[in-house]
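Examining the three-dimensional arrangement
Below are the chains, spelled out letter by letter.
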Amino acid sequence: KYVNFLLEDNLGALWAATDEGVSKLEDGIWRTYSEGLKNKYINYLLVDSHGTILAATNEGVSMFVPSSGGAGVGLDGKIWRQYSDGLDSNVVRCLIEDSPGNIWAATDDGVWKKQEGGAWTTQYTTRDGLGSNDVNYLFFDSRFTLWAATHRGVSRFPLNPPYQRGQGVVGGQG
């Protein structure tokens, strides 16, 4: 398997983003969870502030949720659900979460923002100052400026209104 990213969840379990789905190390054995994924090529993983695993795929974002049954349930009793409502881009390369709980996505069509409990509604592109709409990675600095690594250099977005000092950022800081 081709491994793109490794992640440790809130319980100390190790997860791997691979070209065949998401694998988890359980009792010394890697188990792959791909049932319900729209696309099995996983670019990045994020554990959000609620402990939910989000997978950035080549066809949007998927969410790993414990389930007792239903469509897409794997043999392990888990399910991947699509988390891409309103996200126009297919290729999602990176995900980060800010302190208010918004999820940000680096895509092949700019930077997208999803407010907690809402849809992907905000898009930042070259029209907003991005060097390129092809974005590889996102990062928040200590002043809560969003930095984007693009195919044409680095772009930054001081967020308005600025976040209060001390709120911090969850995940995405590889």
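Computed from a predicted model, the values in this text were never measured in an experiment.

Criteria and thresholds
- Residues numbered from 1 in each chain as written.
- Predicted model: local features only at pLDDT ≥ 70, side-chain atom pairs only at ≥ 80, totals over all residues.
- Heavy atoms only, no water.
- Helix = DSSP H or I, 4+ residues; strand = E, 2+ residues; numbered from the N terminus.
- Buried < 20%, exposed > 50% of the residue type's maximum accessible area, 1.4 Å probe, protein only.
- Pairing = 2+ DSSP bridges.
- Axes fitted to C-alpha atoms, helices over the stretch in contact; angles between N-to-C directions.
- Core = buried A, V, L, I, M, F, W, Y, C linked by side-chain atoms within 4.5 Å.
- Contact = heavy atoms within 4.5 Å.
- Polar contact = N/O pair within 3.5 Å; in protein donor to acceptor, adjacent residues only side chain to side chain.
- Phe/Tyr/Trp six-rings, centres within 6.5 Å; stacked < 30°, edge-to-face > 60°.

Re the overall build of the protein chain
- A tally of regular secondary structure across the protein chain gives 0 helices and 16 strands.
- The buried share of the protein chain, taken over its 174 residues, is 45%.

Focus on the sheet that holds strand S3 (residues 21-26)
- Read from one edge of the open sheet, 4 strands run S1-S2-S3-S4, paired in antiparallel fashion. Here the strands that pair on one side only, and so sit at the sheet edges, are strand S1 (3-8) and strand S4 (29-33). Along the sheet, successive strands turn relative to each other by an average axial angle of 25°, direction set aside.
- Here strand S2 (residues 14-18) runs beside S3; their pairing, made up of 4 bridges, is antiparallel. Looking across to S3, one finds that Thr 18 is bridged to Gly 21.

Regarding the nonpolar core
- Grouped together as the largest cluster of nonpolar side chains are 44 residues, with contacts concentrated most on Trp 15, Leu 45, Leu 95, Trp 120, Leu 138 and Leu 146.
- Ranked by residue count, the leading element in this core is strand S5 (residues 42-47), at 5 residues.
- Leu 45 has contacts with Phe 5, Leu 7, Trp 15, Ala 16, Ala 17, Val 22, Ile 53, Leu 54 and Ala 55, leaving out every residue within four places of it along the chain.

Some remarks on the side chain of Asn 43
- Summarising the element assignment, Asn 43 is placed in strand S5.
- Accessibility expressed as a relative area gives 15% for Asn 43, which makes it buried.
- Polar contacts involving the side chain of Asn 43 include one to the side chain of Asn 58, which spans 2.9 Å.
- For Asn 43, the side chain forms a polar contact with the main-chain oxygen of Val 92, separated by 2.9 Å.
- Excluding anything up to four places from it in sequence, Asn 43 contacts Asn 4, Phe 5, Ala 17, Ala 56, Thr 57, Asn 58, Val 91, Val 92 and Arg 93.

A short note on the packing of aromatic side chains
- Summed over the entire model, instances satisfying the criterion amount to 9 aromatic pairs.
- On the numbers, 6.4 Å between centres and 45° between planes, the contact of Trp 15 with Tyr 33 is tilted. Separated by 18 residues along the polypeptide, Trp 15 in strand S2 and Tyr 33 in strand S4 bring together distant segments of the chain. Each member of the pair Trp 15 and Tyr 33 is classed as buried.
- A connected cluster of aromatic rings, assembled from ring pairs, spans Trp 15, Tyr 33, Phe 64 and Trp 80.

Bear in mind that shape data such as this cannot, by itself, settle questions of function.
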